[in-house]
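Spelled out, the chains give:
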Amino acid sequence: MAVAHVSSLENFRSSRRLAELLRGHDDIGSAVQTTRAALERRPEFASRLAIWDVAVRGLFEANLGEAVVLNFLRLSEHWPAQRSAHDLLAVGRAVTDIGRSAGSRIAHAALTELSKVLPRLAGANEVTTVLAALCQLADAAPESVGLAINRLEQLLGHAGAEGFSAWVSAGLRASGGRAARRRAYFGLDDALSARLLAQGRTGDDFARLEKRLAATMVALWNRKPRFRKLAIAPTPVPRRTSLAVGLIGLPETFPGFEGARADAIYLAAVAHAGAHLVHSTVRFPVGRLKALQLALVSLIEDARVETLALREMPGLRWLWLPFHTAVPSGQATAAGLMTRLARALIDPDYQDGDAWVAKGRTLFAAASERWTDPAISREIGGLLGNDIGQMRLQFNAKSYVVEPAYRDDNLALWDFGDAPDAPTETIELAVDSVRIERREEAGGRSTDETARPDETLRARASVTTLLDGIPVATYPEWDYAANTERIDWTTILEADAVASAKPLELPAESEALRSITRLTRDASIGRRLRQKGQREGDALDIDAAVARTIERRAGHVSEPRVYQRDAPGPRDLAFLLLLDLSHSTADRDRAGRTVLDVERKAAAIMAAAVETARDAIAVHGFNSDGRERVRYLRIKGFDEPMDAVVRSRLAGLGSSHSTRLGAALRHAGSYLVQRRAFRKVLLVLTDGEPSDIDVPDPQYLTEDARRAAQQLRRRGMDIFAFGIGGGHYPQLGRIFGERYALRVPRIDVLPQRVMQLYTELKK
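Keep in mind the model is a prediction, meaning the values are calculated, not measured. (Residues numbered from 1 in each chain as written. Predicted model: local features only at pLDDT ≥ 70, side-chain atom pairs only at ≥ 80, totals over all residues. Heavy atoms only, no water.)

**Q** Hey, could you run me through the packing of helix 4 (residues 66–77) against helix 6 (residues 104–117) in this one?
**A** For any two helices packed against each other, one specifies the inter-axial angle together with the distance between the axes. Look at helix 4 against helix 6: their axes get within 9 Å of each other, and the N-to-C directions meet at 15 degrees. In this view, helix 4 runs roughly parallel relative to helix 6, as classed from their interaxial angle. Classified by chirality, the crossing of helix 6 by helix 4 is left-handed. Between helix 4, through Ala67, Val68, Asn71, Phe72 and Leu75, and helix 6, the contact on the second element is made entirely by Ser104, Ala107, His108, Leu111, Thr112 and Ser115. A per-class count over the contact of helix 4 with helix 6 returns six nonpolar, five polar and no charged. (Axes fitted to C-alpha atoms, helices over the stretch in contact; angles between N-to-C directions. Helix = DSSP H or I, 4+ residues; strand = E, 2+ residues; numbered from the N terminus. Parallel < 35°, antiparallel > 145°, perpendicular 65-115°, else oblique. Left-handed = near helix turned anticlockwise from the far one by under 90°. Contact = heavy atoms within 4.5 Å. Nonpolar A, V, L, I, M, F, W, Y, C, P; charged D, E, K, R; others polar.)

Here it is as structure tokens:
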């Protein structure tokens, strides 16, 4: 009794202190009182109201704005009864810490996203694990925490709470204190990020269960489809089952499911896929449907085929129902309502007071006599989609994932237009595979397409797509620590740059273009030609003079051509411009220009000017994603004109991945060495120094690039590099030599500096 009295007294004092703090802020004060009164009626908060007051006070004193405080109050008022009050208080404290480090906008986003992911964080300490990871990220990388928060739902769906925490810690270690690398990592623009995120599970449940799944399909549906393992997705969006052209694609693992639960979700996924194979007899035309309508029609179709399956095999309910965990929530989102509707259509005992969910359940039940007709999915989905639109609920098609996890991605339900079935499979395989190549035999059919499946019914790779380019060469790499050259260590994937629909526009009155055209029009490079037997010249042609003397003595009269002169020889310079296309080239300066924008402009100006001067120039680009994926793009060849096609390729360039410079230098040198020219020049435009996801030691790639540059110089090539931006680039001089490593702190003057170098080379 005494303890209860002390607790009540402490709650009263805490309430008084909070009310005094909020004096003059009537809106917040009123909302606090309303929410506090609601919490007082809940037993789990009876002894924690004083701590809740402290959490609210912390949010207010952190000066995060009224919107943040009101958002926390709404979350408190609608806090699910089955969740611990401790988790709510932890949310309040964590958002305060995040806001102090990253600002009120990020704090508000954190509250919004946390309310969405709460149903996913059902295990013990999962909420506190996620909050601790976010606080760690906000403290160490405040510029990047918003990137992770905005993707929190997808990240947790892919890796789970523990996996997310490990991913955050690994990213902070891998970035080495560099903000640009942190932004790339937590923005999922770094291949290392996706790779580490995918390592939350190391097993291969698909391989372990494949034969059992094949037997299940035969037992339930008397079908023998081919199975295909889907590669781990390079994005945080969780992988779902995929149906296409007689194939069932299943992920290597379902993140968050282990042991018996992993077995159960694979069996549930196969049973659901079989229901589609049997009962989804037509494909819906996409027409002008929006993404939200596509998702809702697919949801109703999922419910329809499962309902028909349950008529024949009622026991399937116990296979599917455990994965429907959605519960009513005061936070209404389009994706959340759809998850709740999915449960309402399969679970007759589920109670949900939302009018939209109730309407969906009513419409589906009213169509019971037409459940065998797929058209009802289109009808009901369209009606529900209109209601969502009128409620002004946002729907992000890029981040939307079908729930629950055993259901497929529903792409097989839709007819996207004129594309036949085989290209549809191509599209899917391009998404599912990391790197695949299309090859066609003389008969027009892939050998893999005609191959029989193996005994486990696994599909062989049937169609391939050129995502990163064709492997065209391997090169050695210098290991300075071991003092050895690793043979065939890097692989070049080469492709033509993708053209943009709109060519890069080059100002006709560009000062750099006018200057270089003026300076180089009469310039010459290479050997000068000695012209003999001229009427006029700089010196006497001895041979012609002797011949003229002999002719005179012999009595012959001829034209007096006894002089010689030197004339400019043919244009004899081969110039290869190599552009760094790594992720950091997307960084902007104060004027909003990216490094890549200026690289494009410099390349266009230089190519046009060099072409005017009748020299040969090629423009290539590169980035890397590990030693086996050094991407090399051909933008302009030596013999290609600087036309709209090349300018379209320049406009279509993008920034991504890393900078394995040594391999790119060797491959660029292989192009230059084939040119017949008096002088061969390689110019690299880069905004940073060598780095890659599989090399923790930055000195390693620097020394390899230095060795590559030295080898090319010994083969008679001139190599220069421009370091673009405000960095000091200490390794640039180490790689190319201080005389050949030129710094351009202001990226806007890069075109002029490139032109100046070319002019000097022409002299």
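Once the structure has been displayed, the description carries forward.
**Q** Explain the sheet that holds strand 2 (residues 242–244) here, please?
**A** In a beta sheet, neighbouring strands are held together by backbone hydrogen bonds and run either parallel or antiparallel to one another. As summarised here, the arrangement of the three strands in space is 1-3-2, forming an open sheet in which the pairing is mixed. Of all strands in the sheet, those with a lone pairing partner are strand 1 (226–230) and strand 2, marking the two edges. Recorded for the sheet is a direction-independent mean angle of 25 degrees between the axes of neighbouring strands. In this sheet, strand 3 (residues 247–251) lies alongside strand 2 in antiparallel orientation, the contact comprising three bridges. Looking at strand 3, one finds that Leu243 is bridged to Ile248. The strands touched by helix 12 (residues 205–221) within the sheet are strand 1 and strand 3, with strand 1 carrying the most contacts at an inclination of about 150 degrees. Packing against the sheet, helix 13 (residues 260–279) makes contact with strand 1, strand 2 and strand 3, and its axis sits at approximately 155 degrees to strand 3. (Pairing = 2+ DSSP bridges.)

**Q** When you look at the sheet that holds strand 7 (residues 484–496) in this model, what are you seeing that I'm missing?
**A** On the basis of which strands lie adjacent, the open sheet formed by eight strands has the order 6-7-13-12-11-14-15-16 and mixed pairing. Where the open sheet ends on each side, the last strands, each with one partner, are strand 6 (470–479) and strand 16 (741–744). Pairwise comparison of adjacent strand axes, ignoring direction, gives a mean angle of 25 degrees for this sheet. Summarising the sheet, strand 15 (residues 717–724) and strand 16 pair through four bridges and their orientation is parallel. Bridge pairing in strand 16 links Ile724 to Val744. Against the sheet, helix 24 (residues 644–651) contacts strand 11 (573–580) and strand 13 (630–636), and its axis sits at roughly 145 degrees relative to strand 13.

**Q** What should I look at first to understand unusual backbone geometry in this one?
**A** Glu403 connects to Pro404 through a cis peptide bond whose omega is 0 degrees. Examined against the element boundaries, Pro404 turns out to sit in the loop between helix 18 (375–390) and strand 5 (414–415). Of note in the backbone geometry, Asp488 takes a positive phi value of approximately 50 degrees without being a glycine. Assignment of secondary structure puts Asp488 in strand 7. Not every positive phi belongs to a glycine, and His657 is a case in point at roughly 65 degrees. Inspection of the secondary structure assignment puts His657 in the loop between helix 24 and helix 25 (661–672). With relative accessibility at 24%, the residue His657 sits in the partly exposed group. (Buried < 20%, exposed > 50% of the residue type's maximum accessible area, 1.4 Å probe, protein only.)

**Q** Before we go on, may I ask you to explain the packing of helix 12 against helix 13 in this structure?
**A** Close contact between helix 12 and helix 13 brings their axes to 9 Å; oriented N to C, the two are set at 40 degrees. Overall, the two elements helix 12 and helix 13 adopt an arrangement that is oblique. Remark: the crossing between helix 12 and helix 13 carries right-handed chirality. Where helix 12 approaches helix 13, its residues Asp205, Phe206, Arg208, Leu209, Arg212, Leu213, Thr216, Met217, Leu220 and Trp221 are matched on the opposing element by Ala262, Asp263, Tyr266, Leu267, Val270, Ala271, Gly274, Ala275, Leu277, Val278 and His279.

**Q** What should I look at first to understand the packing of aromatic side chains in this one?
**A** Aromatic ring pairs: the centre-centre distance and the angle between the two ring planes describe each pair. For the structure shown, the criterion picks out 13 aromatic pairs. Seen in terms of ring centroids, Phe364 and Trp371 are 5.2 Å apart; in terms of plane orientation they differ by 25 degrees. Their pairing is stacked. Trp371 matches Phe364 in its accessibility class, with the two residues each being buried. Ring-pair connections join several aromatic residues into one group, and the members of that group are Phe164, Trp167, Tyr185 and Phe186. Taking NZ or CZ as reference, Arg486 lies 4.6 Å from the ring centre of Trp489, over its face. Here the basic side chain of Arg627 rests over the ring of Trp489, its NZ or CZ set 3.7 Å away from the ring centre. (Phe/Tyr/Trp six-rings, centres within 6.5 Å; stacked < 30°, edge-to-face > 60°. Lys NZ or Arg CZ within 6 Å of the ring centre and 35° of its normal.)

**Q** What exactly am I supposed to notice about the nonpolar core here?
**A** For soluble globular proteins, the rule of thumb is that nonpolar side chains tend to be buried together. With 58 residues, the main nonpolar core has Trp52, Val95, Phe164 and Trp167 as its most contacted residues. Looking at this core element by element, the count peaks at nine residues for helix 9 (residues 152–174). Excluding anything up to four places from it in sequence, Trp52 contacts Val32, Thr35, Arg36, Leu39, Phe72, Leu73, Ser76, Leu88 and Leu89. Core analysis: the second largest hydrophobic core is formed by 39 residues, Ala497, Leu504, Ala603 and Met642 among them. (Core = buried A, V, L, I, M, F, W, Y, C linked by side-chain atoms within 4.5 Å.)

**Q** Please clarify how the environment of Ala586 should be interpreted in this entry.
**A** For Ala586, the location among the structural elements is in the loop between strand 11 and helix 23 (595–612). In this structure Ala586 comes out as partly exposed when scored by relative accessible area, which is 37%. Considering only alpha carbons, one finds Ala586 and Ser655, 69 residues apart in sequence, at a separation of 5.8 Å. With residues near it in sequence (within four places) discarded, Ala586 still touches Thr594 and Ser655.

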